[in-house]
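Inside the fold
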Amino acid sequence: MAMHVPKSYFQNMMKDGTKHLSGMHEAVFSNLEACTELYKTIKTCYGPKGLNKMVINHLSKLFVTNDAATIIKELEVQHPAAKMIVLASQQQEAECGDGTNFVMILAGALLEKAQDLLQDGLSPSEVIKGYEMAGEKCLEILETLCCHTVKDVRNREAVIPVIKTSVASKQDGYEDFLSDIIADACLSIMPTRRTFNVDNVRSCKILGSGVLSTTSLQGMVFRRNVESDITAMRDAKIAVFSCPFDIGTTETKGTVLINNADELKNFSMDEEKLIENQVKALADAGITCVVSGGKVGDMMMHFANKFNIMVVRLMSKWDLRRLCKSISATALPNLTVPSTEETGFCSIVQLEEVGDTTVVVFRQEREETAMSTIIIRGSTDNIMDDIERAVDDGVNSVKILTR
């Protein structure tokens, strides 16, 4: 009869199913192999001539990209050692907005060389000490490798080479064209008293045409139609409401007893008179455009057309906030006449067609604006997604310059 072999004391402390790996071959080399496999997967994506990867996530959504941040996000790496490299690249993305591919390749290459050193007989602590000394030496050498210096972040010609380096790794061949557009969009919103915010450069993807049809403008673009008959307004004074542009309803239910046709007619006329007075008050205050965050009532629309007021409906509260920032307006929770400080201003508000897509454009014609938009064109959604990632990296490069 075979003797019972007891578990180790450490194994008894843990719950059933726990794996305990120890020793050089079980723990160290298995972790190194997992990290180097992830590194080999990403390595072919690096640089302007890097290969695209086709990734299908758990929702069966297709991604075709060479952006390491997107690839590792959709791969959902579970190995604990490989996940540490993923977390390092994600922190690089959060801090600088670019360089995720470099972080993973550098870490993977160092671990691959460490595997050879460990097999030659060196201990892990000796390899770590050698890498720390090499890291200090690298920091000394990096100071002598400066090839370009930007002294004025408002100088367009000095900023473009910085953007081009970042964009070329994602869109080889389009880096000159895209760098000019990104530079124009960033410099038009470059603040004088506060830090540069990457969220102030928005992107709007419109399917059709080609990448060379991509443009930028000062202001905001929304893929929506206008609600009113008026489709264009110049030098518009804008009132922004976060509530529906309709007559308010009471919180309690009420019953109205109508005895004859005259009472019914008078009841309807009173409601129409109330709506007309509300819209007339806006028109008397000089309001020529209304932006609503909710539904637009038919009766409100009738009187808005009567008083030549343009009405735009935005369902997203984030779009509403960005628009308020762009036009220097305040979103009002009730249908009241805005004060001078709460009223926004926009040089041109108009309905345009880009390809076969209808968009509402809020364009500002001044030197410095709060928001700018890059209209991305492309023949497929995957191409536009890749262009958007390249634009995002270029904008983040400008952000690093302003620190």
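Our structure is the block above this text.
Summarised in this report is the structure supplied together with it.

Further remarks concern the overall build of the protein. The secondary structure content of the protein amounts to 12 helices and 10 strands. Here the C-alpha atoms of the protein give a radius of gyration of 30 Å, more than 25% beyond the 22 Å that 2.2 N^0.38 yields for 403 residues. With the C-alpha coordinates of the protein rotated into their principal frame, the extents come out at 105 × 70 × 40 Å. Per-residue burial over the protein gives 39% buried out of 403 residues. Within the protein, counting contacts between residues at least 6 apart in sequence, those at least 24 apart form 71% of the total. About 23600 Å² of surface is accessible on the protein, with carbon and sulfur atoms providing 54% of the total. The distance from the centre of the 43 positive side-chain charges to the centre of the 54 negative ones in the protein is 1 Å.

What follows deals with the packing of aromatic side chains. Per the counting criterion, the structure on display carries two aromatic pairs. A centroid spacing of 5.9 Å and a plane angle of 80° characterise the contact between F222 and F362, whose relative ring orientation is edge-to-face. Of this pair, F222 sits in strand β4 (residues 215–222) while F362 sits in strand β9 (residues 357–363), and the two are 140 residues apart along the sequence. For F362, a relative accessible area of 0% translates into the label buried.

In total, this model carries 18 salt bridges according to the counting rule given. With its nearest N and O atoms 3.1 Å apart, the salt bridge here joins R234 to E365. Taken as a pair, R234 in strand β5 (residues 232–241) and E365 in the loop between β9 and β10 (372–378) lie far apart in primary sequence, 131 residues in all. Owing to a relative accessible area of 52%, R234 belongs among the exposed residues under this scheme. The partly exposed category is assigned to E365, whose relative accessible area is 47%.

This brings us to the layout of surface pockets. Approximately 1400 Å³ is the volume attributed to the largest pocket. In this structure, the largest pocket is lined by 38 residues; those nearest its centre are Y46, Q92, G99, F102 and L142. For the lining of the largest pocket, the elements supplying multiple residues, two or more each, are α4 (80–96), α5 (100–119), α6 (124–142), α7 (156–168) and α12 (381–401). The element that contributes the greatest number of residues to the lining of the largest pocket is α6, accounting for seven residues. When grouped by side-chain class, the residues that make up the lining of the largest pocket number 22 nonpolar, 13 polar and three charged. When its volume is computed, the second largest pocket comes out at roughly 370 Å³. Every residue lining the second largest pocket is counted, 16 residues in all, and those nearest its centre are D67, A69, T70, K73 and R389. Broken down by secondary-structure element, the contributors of at least two residues to the lining of the second largest pocket are α3 (68–75), α4 and α12. Partitioning the lining of the second largest pocket into residue classes produces three nonpolar, two polar and 11 charged.

Along β4, six of the eight residues are buried, which leaves the element largely enclosed by surrounding structure. Bridge analysis of β4 against β10 gives four bridges, and the strand direction is antiparallel. Looking at β10, one finds that S216 is bridged to I374. In this sheet, β9 lies alongside β4 in antiparallel orientation, the contact comprising four bridges. Its bridge partner lying in β9, G219 is registered against R363.

Now for the sheet that holds β5. Within a sheet, each strand pairs with its neighbour through backbone hydrogen bonds, oriented either parallel or antiparallel. Read across the open sheet, the eight strands follow the order β3-β10-β4-β9-β8-β5-β6-β7; overall the sheet is mixed. Since the sheet does not close on itself, it has two edges, and those belong to β3 (201–207) and β7 (310–313), each with one partner. Strand after strand, the sheet turns through a mean of 45° between neighbouring axes, direction not considered. The sheet contacts of α12 involve β3 and β10, and relative to β3 the element is tilted by about 165°.

In this section: the environment of R366. Along the chain, R366 falls in the loop between β9 and β10. Along the sequence, R366 and V127 sit 239 residues apart, while their C-alpha atoms lie 58 Å from each other. Beyond its immediate chain neighbours, meaning those up to four positions away, R366 contacts Q218 and S326.

Before going further, it helps to examine the packing of α7 against α12. Their axes nearest at 8 Å, the elements α7 and α12 cross at an angle of 140°. Here α12 runs oblique to α7, going by the angle between their axes. For α7 against α12, the interelement crossing comes out right-handed. Across the interface between the two elements, V159, V162, I163, S166 and V167 from α7 touch A390, D393, G394, S397, V398 and L401 from α12. Residues belonging to the contact of α7 with α12 are distributed by class as follows: seven nonpolar, three polar and one charged.

Let us look at the packing of α4 against α5. Remark: α4 packs on α5, axes separated minimally by 8 Å, with the N-to-C direction vectors making an angle of 150°. Between α4 and α5, the angle is such that the two are roughly antiparallel. When you trace α4 past α5, the crossing you get is right-handed. Residues I85, A88, S89, Q92 and E93 of α4 form the contact with α5, whose own contacting residues are T100, V103, M104, A107 and L111. Classifying every residue of the contact of α4 with α5 gives six nonpolar, three polar and one charged.

A few words on a nonpolar patch on the surface. On the surface, Y46, F102, L106 and L110 cluster together into a nonpolar patch covering about 390 Å² of accessible area. Take Y46: it is sitting in the loop between α2 (23–43) and β1 (53–56).

Cut-offs applied
- Residues numbered from 1 in each chain as written.
- Predicted model: local features only at pLDDT ≥ 70, side-chain atom pairs only at ≥ 80, totals over all residues.
- Heavy atoms only, no water.
- Helix = DSSP H or I, 4+ residues; strand = E, 2+ residues; numbered from the N terminus.
- Rg over C-alpha atoms; globule rule 2.2 N^0.38 Å.
- Buried < 20%, exposed > 50% of the residue type's maximum accessible area, 1.4 Å probe, protein only.
- Contact = heavy atoms within 4.5 Å.
- Areas by Shrake-Rupley, 256 points an atom, 1.4 Å probe, with all protein chains shown as cover.
- Lys, Arg positive; Asp, Glu negative; His and termini not counted.
- Charge placed at Lys NZ, Arg CZ, Asp CG, Glu CD.
- Phe/Tyr/Trp six-rings, centres within 6.5 Å; stacked < 30°, edge-to-face > 60°.
- Salt bridge = Lys/Arg side-chain N within 4 Å of Asp/Glu carboxyl O.
- 1 Å grid on protein atoms, 1.4 Å probe; cavity = no way out; pocket = protein on both sides within 12 Å on 5 of 7 lines; lining within 4 Å.
- Points joined across faces, edges and corners; volume = space filled by probe spheres on them.
- Nonpolar A, V, L, I, M, F, W, Y, C, P; charged D, E, K, R; others polar.
- Pairing = 2+ DSSP bridges.
- Axes fitted to C-alpha atoms, helices over the stretch in contact; angles between N-to-C directions.
- Parallel < 35°, antiparallel > 145°, perpendicular 65-115°, else oblique.
- Left-handed = near helix turned anticlockwise from the far one by under 90°.
- Patch = residues over 30% accessible without salt bridge, like charges linked within 9 Å, V, L, I, M, F, W, Y side chains within 5 Å.

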